[in-house]
Amino acid sequence: MAPSTGRRGHTLTELMVVLAIAAVLLGGAVPSLGDFVRRQQLRSTASDLFAAIDLTRAQAMARGYRVLMVPAGSAGADWAQGWLVFVDGNANRRLDAGEELIFQQGAVASGIVIRAAFSASAGAPYIAYNGAGRSCGAENSAAAHFGSLSLVLDRHVRHIKINMLGRVRMCDPAVQKSNCSGAASVS
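A short tour of the structure in this document, coming up. (Residues numbered from 1 in each chain as written. Predicted model: local features only at pLDDT ≥ 70, side-chain atom pairs only at ≥ 80, totals over all residues. Heavy atoms only, no water.)

Overview of the sheet that holds strand β6 (residues 147-153)
Strand order in the open sheet made by the four strands is β4-β6-β7-β8, with antiparallel pairing throughout. In the strand order of this sheet, the two ends are held by β4 (113-118) and β8 (168-171), each with one partner. Across the sheet, the mean angle from the axis of one strand to that of its neighbour is 15 degrees, orientation sign disregarded. Note that strand β7 (residues 156-162) and β8 share four bridges and pair antiparallel. Pairing of Ile160 across the sheet is with Met170, part of β8. (Pairing = 2+ DSSP bridges. Helix = DSSP H or I, 4+ residues; strand = E, 2+ residues; numbered from the N terminus. Axes fitted to C-alpha atoms, helices over the stretch in contact; angles between N-to-C directions.)

Structural data, given as structure tokens:
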């Protein structure tokens, strides 16, 4: 048999062309990958917040009395610091010694801002449900307390809306153009 006379391997020039094409393609993908990661962080945080609201309602119905969800942290006003679900025995909207803590969420991902707008805006923000599963005031189980929480990260937004009956829904104003307003306006 005669030895093969064909070329084996690639030249340095061919390798450099392939690497240059790969670099251009990767350069276009990196910004969209970063945007994808931010959207996923926002989606995950919105889902966690939604689940905690749902837990608050379910616990109130299971126990037959009022259960609250409030922002965590010493100031008690910034939802981005996390949130607490607990039985507020003295109706002061704070977790005190002897009150049962049901769930605690830590701070959300950096850059996520959470704004709240509720029907009764006096005092620290909170979400409360009575034993019937209706949204209610912290001091009065018969008074309705409804509104929305808006999560914002860069130009991405999710709204969590709580109606007078206590039902919760989440929407994305970029996808759902109508009936998806919230506490944060997007410019």
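Having seen it, we continue.
As for the state of the cysteines
Per the counting criterion, the structure on display carries one disulfide. Put simply, Cys171 and Cys180 are joined by a disulfide, and their sulfur atoms are 2.1 Å apart. Taking the torsion about the sulfur-sulfur bond, which here is approximately 95 degrees, the covalent link between Cys171 and Cys180 counts as right-handed. Classification of Cys180 as buried rests on a relative accessible area of 8%. (Disulfide = S-S within 2.5 Å. Buried < 20%, exposed > 50% of the residue type's maximum accessible area, 1.4 Å probe, protein only.)

Some points on the sheet that holds strand β3 (residues 101-105)
Ordered in space as β3-β2-β1-β5, the four strands form an open sheet in which the pairing is antiparallel. Lying at the two open borders of the sheet, with one neighbouring strand each, are β3 and β5 (127-129). The sheet shows a mean angle of 10 degrees between the axes of neighbouring strands, direction not considered. Pairing between strand β2 (residues 83-86) and β3: four bridges, direction antiparallel.

Side note on the pairing of β6
Among the seven residues in β6, seven count as buried, and that is most of the element. The sheet contact formed by β4 and β6 spans six bridges and is antiparallel. Directly across from Ala117, in β6, lies its bridge partner Ser148. One ladder, built from seven bridges, connects β6 with β7; its direction is antiparallel. Of the residues in β7, the one forming a bridge with Gly147 is Ile162.

Interpretation in functional terms is not warranted from these geometric data alone.
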